[in-house]
Amino acid sequence: MEKYLYFRTVADEDDDDGDTASSGIAPTSIAIPSSTIVGMAPSADGTVTIWFKSARNAYTQGDAEEVLKDSVVLNVTTHRHKKVMDAIIRSINGGPHSDGWIVVADDMTTNAANTTVAASYIDADLTSCGAINLAAANS
């Protein structure tokens, strides 16, 4: 079963527009198949970056090449990168009792009913979803 990693950068669910697919506009949330991950590493003292195959571009065997620079940046407690990355990997490799949906970082604290809810993170040392970066679509 394919597993999907979910990320959201906005605190108010009413502000979650997902991906507008416009050049230069970062999506506010995304679910990516775990099979598209091409790397994961510390990118600063307090961040982990997950790189994955492009959500908007594909290898065409023509002039346009496959874009592998899409990423999600996660803010973590300083120097707790390995703990957070291990939690993500454990969830991806977890047993068969799963619906395939893995919430890695959901910054939402106000739902659509304007009720306060707790943000959701895969590990206590993951503090927020810093950014979702998608390459512009090739023409």
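Residues numbered from 1 in each chain as written. Predicted model: local features only at pLDDT ≥ 70, side-chain atom pairs only at ≥ 80, totals over all residues. Heavy atoms only, no water.

1. Things to note about the overall build of the protein
In terms of helices and strands, the protein carries 1 helix and 8 strands. When its helices and strands are written in sequence order, the protein yields β-β-β-β-β-α-β-β-β. The buried share of the protein, reckoned over its 139 residues, is 38%. Surface accessibility of the protein: about 7,500 Å² in total, with carbon and sulfur atoms responsible for 50%. (Helix = DSSP H or I, 4+ residues; strand = E, 2+ residues; numbered from the N terminus. Buried < 20%, exposed > 50% of the residue type's maximum accessible area, 1.4 Å probe, protein only. Areas by Shrake-Rupley, 256 points an atom, 1.4 Å probe, with all protein chains shown as cover.)

2. What to know about the side chain of Thr 49
Looking at where Thr 49 falls in the secondary structure, it is placed in strand S4 (residues 47–52). Residue Thr 49 is classed as buried on the basis of its relative accessible area, which comes to 6%. A distance of 2.7 Å separates polar atoms of two side chains, one belonging to Thr 49 and the other to Ser 43. (Polar contact = N/O pair within 3.5 Å; in protein donor to acceptor, adjacent residues only side chain to side chain.)

3. Focus on the sheet that holds strand S8 (residues 126–133)
Reading across the sheet, the 4 strands line up as S3-S4-S5-S8 and stay open at both edges, with antiparallel pairing between neighbours. Every interior strand has two partners, whereas the edge strands, strand S3 (37–44) and S8, have only one. With direction set aside, neighbouring strand axes in the sheet form an average angle of 20°. As paired strands, S3 and S4 are joined by 6 bridges and run antiparallel to one another. The partner of Ala 44 across the bridge, within S4, is Thr 47. Running at roughly 160° to S3, helix H1 (residues 81–93) makes contact with S3, S4, strand S5 (70–76) and S8 of the sheet. (Pairing = 2+ DSSP bridges. Axes fitted to C-alpha atoms, helices over the stretch in contact; angles between N-to-C directions. Contact = heavy atoms within 4.5 Å.)

4. Some words on the sheet that holds strand S2 (residues 29–33)
Strand order in the open sheet formed by 4 strands is S2-S1-S6-S7, and the pairing between neighbours is mixed. The sheet is open, and its two edges are formed by S2 and strand S7 (120–121), each paired on a single side. Taken together, the 2 bridges between strand S6 (residues 101–106) and S7 define a ladder with antiparallel strand orientation. Bridge pairing in S7 links Ala 105 to Tyr 121.

5. Quick look at H1
Between its first and last C-alpha atoms H1 spans 18 Å; for 13 residues at 1.5 Å apiece the expected length is 18 Å, and the two agree. Listed as buried for H1 are His 81, Val 84, Met 85, Ala 87 and Ile 88. Down the axis of H1, the smallest arc covering the buried residues is 155°, so these residues share one side. Looking at H1, the residues exposed on the side facing more than 90 degrees away from the buried face are Lys 82, Arg 90 and Asn 93. Buried residues along H1 sit against strand S1 (4–8), S3, S4, S5, S6 and S8. (Expected span 1.5 Å × (residues − 1). Arc of directions from axis to C-beta.)

6. Quick notes on the nonpolar core
Judged by nonpolar contacts, the single largest core of 22 residues is most densely connected at Phe 7, Leu 74, Ile 88 and Val 104. Looking at this core, the elements with two or more residues in it are S1, S2, S4, S5, H1, S6 and S8. For this core, the element with the most residues is H1, which contributes 4 residues. Contacts of Val 104, omitting those with residues within four sequence positions, involve Leu 5, Tyr 6, Phe 7, Leu 74, Ile 88, Ser 120, Tyr 121, Ile 122 and Leu 126. (Core = buried A, V, L, I, M, F, W, Y, C linked by side-chain atoms within 4.5 Å.)

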